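# Per-entry structural report
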Amino acid sequence: MRLKRTHFCGSLTKEDTGKIVVLAGWVRKRRDHGGLIFIDLSDKWGIVQLVFNPQENQESYRQAHSLRDGWVISLRGHVSLRPAESVNPGISTGEIEVLVEEMEILNPCLPLPFPPEDKIEVGEEVRLRYRYLDLRRPVMQRNLSLRYRVTKAIRNFLDGKGFMEIETPFLTRSTPEGARDYLVPSRVNPGQFYALPQSPQLFKQVLMVAGVDRYFQMARCFRDEDLRADRQPEHTQVDIELSFIQEEDIFELIEEMLSLLFQEILGISLPTPFPKLVYQEALRRYGTDKPDLRFGMELIDLSSLISSGNFRVFNDVLAKGGQVKALRVPGGGSFSRKKLDDLKSWVTLYGASGISWILLRGKEIASPLINYFSQDILKEVITQMEAEPGDAIIFVADKSEVVAAALGQLRLHLARELNLIPRDNYQPVWIIDFPLFEFDSQGRLTSLHHPFTSPQEEDLPKLKKAPTKVRARAYDIVLNGEEIGGGSIRIHQRKIQESILKLLGIDEVEARDKFGFLLEALSFGAPPHGGIALGLARLIMILAGEHSIREVIPFPKTQRAICLLTRAPSLVARDQLKELHIQVEAEDAPTI
RNA sequence: GGGGCCGUAGUUCAGUUGGCUAGAAUGCCAGACUGUCGAUCUGGAGGUCGCGGGUUCGAGCCCCGUCGGCCCCGCCA
């Protein structure tokens, strides 16, 4: 590269008119008029038009004929004001152009699979395979830069609050959190494995015992579970832990931090304090523990009202201790029979056997329930639902968990479909008072959060008799229906920790083996402590207005946990396996 | 582990009941053109219809299997 860059493509303005500049970048578009060639040159900062004129410079004009999209060049030229009729108001440098006097071709380029611009019609598979081209697109550059600005702002903020960033190991031991571990074989300890951390949970607690008082980390976490639009096998969490604090301290800290981010990034002020919603109430009103509060459509319990009718489906459900709840769907009165059938089969995904409905078509009421309920009851239903002409009321009757899942999902589904969710609106909410335990599918008691979460003190007496009634000192932060973080006040006393482990069916031997180090640490003057972890990509996804975290992760994996760029995972050489004392079952694993 | 949608030119897609040489747009290549910026005009090249098997006189289309992408259930502090 002979020419030394003096300016960036996107930063030139008419103030630079007359200057001799050296630019470097990618050829974006060639418009060859035979006697005159225009080229858009792009770099990270934007686009500027180059002009090759044979009357100005024969040699570079000749070279310009060979240029194609994606070629890398540098050039020296002088900045010139465009003729008034040729100004392009569509780009920031539209008032000027650069007349090229000398050019160096730095690298040619194959024809591009897709152009590096924002509006492309190309599948994600192709984008991921050529991720370096995808990331050249301005929108992806913005997402990358947004991520950097967010982490920088978080570091500054936490630094100002007396926090210290500390790294914890990637090669660690399997922790008892719920997810499947990624394992790493140990060469020097045959048959033994490290686990990649699902979170630095125990390390950050140990750091509190170590007197660090305020810790944070941009912590990479690994979970070998199936992927979703908001889940990758590895993700970064903003991991935070503090000593000598209560829930309110965490709430205030995170509220201040998120407010700062939204102010700095979007220029939006989030009102603080954020509202708090008790877990049970969230389930009752929204059917989920991560409610989207940007719109209403709450679930209304009509069980007692409806019990006076003689509709067998409802009565059977109620007799078995279930419930009948309903959702008001603004504008749903015009739903067709087919649409309602589709919704009916859609809710079966969530275990419901179907839906029932009342359509308010002007003054008319269309409903299969008409034959089973008196006019008075139907009117009362409409009153309780606060339904208006043109609305639909959709019922689900089942046991409470099914009603919550089905109606909760239906609420989201229909709100999206009917465009009822306001844009540029951000509604954070704390979900609090989670249960400490739940029963898993095999009827065993498990932690809802994790086993180091402190029970609420007033519920301690229920630990033995009614463990699922015990509330945890745990909290989630939910933003626009996305769980962007969660945490808890931890157990800092060995006795309580031991009794929780015992309740979880972990005997003393296993407890000592798996986290004896924690129990021991708790015995050496562990301070009361607690913390939170925020899912960085989810937060940035919301700030960026994207709908998948893959849009804010430079090199994400596909739903089958494959990196299409590098083709990881891959087979490894036999020798590598042998060195690691690993034998692979032959049937599904060819070797190289 | 399961459900749904999808896979045809570099890219995005169309392709009838199974029937001529598989099309369009864009991109690409060549030529023309001195004010374009989605340049324009003329011409051209470009296909393992994801892969394997089956049915059939004949398969892009039907059947079975398989691989891959997306969304979801289960799973997931």
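Everything quoted here is computed from the prediction, not taken from an experiment.

As a matter of local geometry, RNA strand B sits amid 46 residues, with S86, E97, G178, Q237 and H449 nearest to it. Protein-proximal atoms of RNA strand B, defined as those within 4 Å of the protein, fall in sugar or phosphate at a share of 50%. Interatomic distance of 2.6 Å between a backbone N/O atom of D32 and a base nitrogen of RNA strand B. Taken together, the elements giving at least two residues each to the surface near RNA strand B come down to β1 (20–32), α2 (124–129) and β10 (234–243). Ranked by the residues each element gives to the surface near RNA strand B, the list is headed by β1, at three residues. Grouping the constituent residues of the surface near RNA strand B by class yields twelve nonpolar, 17 polar and 17 charged.

Here we come to the sheet that holds β1. The sheet built from five strands closes into a barrel, its strands ordered β1-β2-β3-β5-β4 with mixed pairing. When strand polarity is set aside, the average angle formed by the axes of neighbouring strands in this sheet is 55°. The pairing of strand β4 (residues 72–81) with strand β5 (residues 96–107) spans ten bridges and is antiparallel. Bridge pairing in β5 places S74 opposite E104.

With that settled, consider the layout of surface pockets. By volume, the second largest pocket is sized at about 660 Å³. If you trace the second largest pocket, you find 25 residues lining it, with S42, D43, K44, R136 and P138 closest to the centre. When residues of the lining of the second largest pocket are traced back to their parent elements, those giving at least two are β1, β2 (37–43), β3 (46–52) and α4 (138–160). Tallied by class, residues from the lining of the second largest pocket come to eleven nonpolar, five polar and nine charged.

One pass over the full model with this rule turns up 14 aromatic pairs. An angle of 40° between the planes, with centres 5.0 Å apart, marks the rings of Y279 and F434 as tilted. Here Y279 is found in helix α7 (residues 279–286), whereas its partner F434 is found in the loop between β17 (428–432) and β18 (437–439), with 155 residues between them in sequence. There is no split in this pair, since Y279 and F434 are both buried. Aromatic pair W346 and Y350: ring centres 5.2 Å apart, planes at 55°, arrangement tilted. Here a set of aromatic residues connected by ring pairs shows up, and it is made of F311, F314, Y372, F373 and F395. K339 extends its terminal NZ or CZ atom over the ring of F335, reaching a point 5.9 Å from the ring centre. The positively charged end of R411 is found above the aromatic ring belonging to F295, 4.0 Å away from the centroid.

Remark on secondary structure: sheet strands pair via backbone hydrogen bonds, oriented parallel or antiparallel. Spatial strand order, β6-β9-β10-β22-β21-β20-β17-β11: eight strands in an open sheet with mixed pairing. Every interior strand has two partners, whereas the edge strands, β6 (164–165) and β11 (276–278), have only one. Examined bridge by bridge, strand β21 (residues 482–489) and strand β22 (residues 529–535) share five bridges and lie antiparallel to one another. By the bridge assignment for β22, G485 is matched with L534. Helix α5 (residues 201–209) contacts β9 (214–222), β10 and β22 of the sheet and is inclined by roughly 25° relative to β10. Taken strand by strand, helix α16 (residues 536–544) contacts β10, β20 (474–479), β21 and β22, and its axis lies near 140° from that of β21.

The subject of this paragraph is α7. Within α7 the residues assigned to the buried category are Y279, A282 and Y286. Relative to the axis of α7, the buried residues are bounded by an arc of 65° and lie together on one face.

With that settled, consider the pattern of salt bridges. Counting across every chain of the model gives 44 salt bridges. Taking the shortest distance from any N to any O, the salt bridge between D134 and R127 comes out at 2.9 Å. For the pair shown, D134 and R127 are each scored as buried. D391 serves as the salt-bridge partner of R328, at 2.5 Å between the closest nitrogen and oxygen. With R328 in strand β13 (residues 323–329) and D391 in the loop between α11 (375–385) and β16 (392–398), the pair connects residues that are 63 residues apart, well separated along the chain. With a relative accessible area of 5%, D391 lands in the buried category. Within the structure, one salt-bridge network assembled from shared partners comprises R127, R131, D134, R137 and E551.

Definitions and limits used
Residues numbered from 1 in each chain as written. Chains lettered and ligands numbered in written order. Predicted model: local features only at pLDDT ≥ 70, side-chain atom pairs only at ≥ 80, totals over all residues. Heavy atoms only, no water. Near = heavy atom within 4 Å. Polar contact = N/O pair within 3.5 Å; in protein donor to acceptor, adjacent residues only side chain to side chain. Helix = DSSP H or I, 4+ residues; strand = E, 2+ residues; numbered from the N terminus. Nonpolar A, V, L, I, M, F, W, Y, C, P; charged D, E, K, R; others polar. Pairing = 2+ DSSP bridges. Axes fitted to C-alpha atoms, helices over the stretch in contact; angles between N-to-C directions. 1 Å grid on protein atoms, 1.4 Å probe; cavity = no way out; pocket = protein on both sides within 12 Å on 5 of 7 lines; lining within 4 Å. Points joined across faces, edges and corners; volume = space filled by probe spheres on them. Phe/Tyr/Trp six-rings, centres within 6.5 Å; stacked < 30°, edge-to-face > 60°. Buried < 20%, exposed > 50% of the residue type's maximum accessible area, 1.4 Å probe, protein only. Lys NZ or Arg CZ within 6 Å of the ring centre and 35° of its normal. Contact = heavy atoms within 4.5 Å. Arc of directions from axis to C-beta. Salt bridge = Lys/Arg side-chain N within 4 Å of Asp/Glu carboxyl O.

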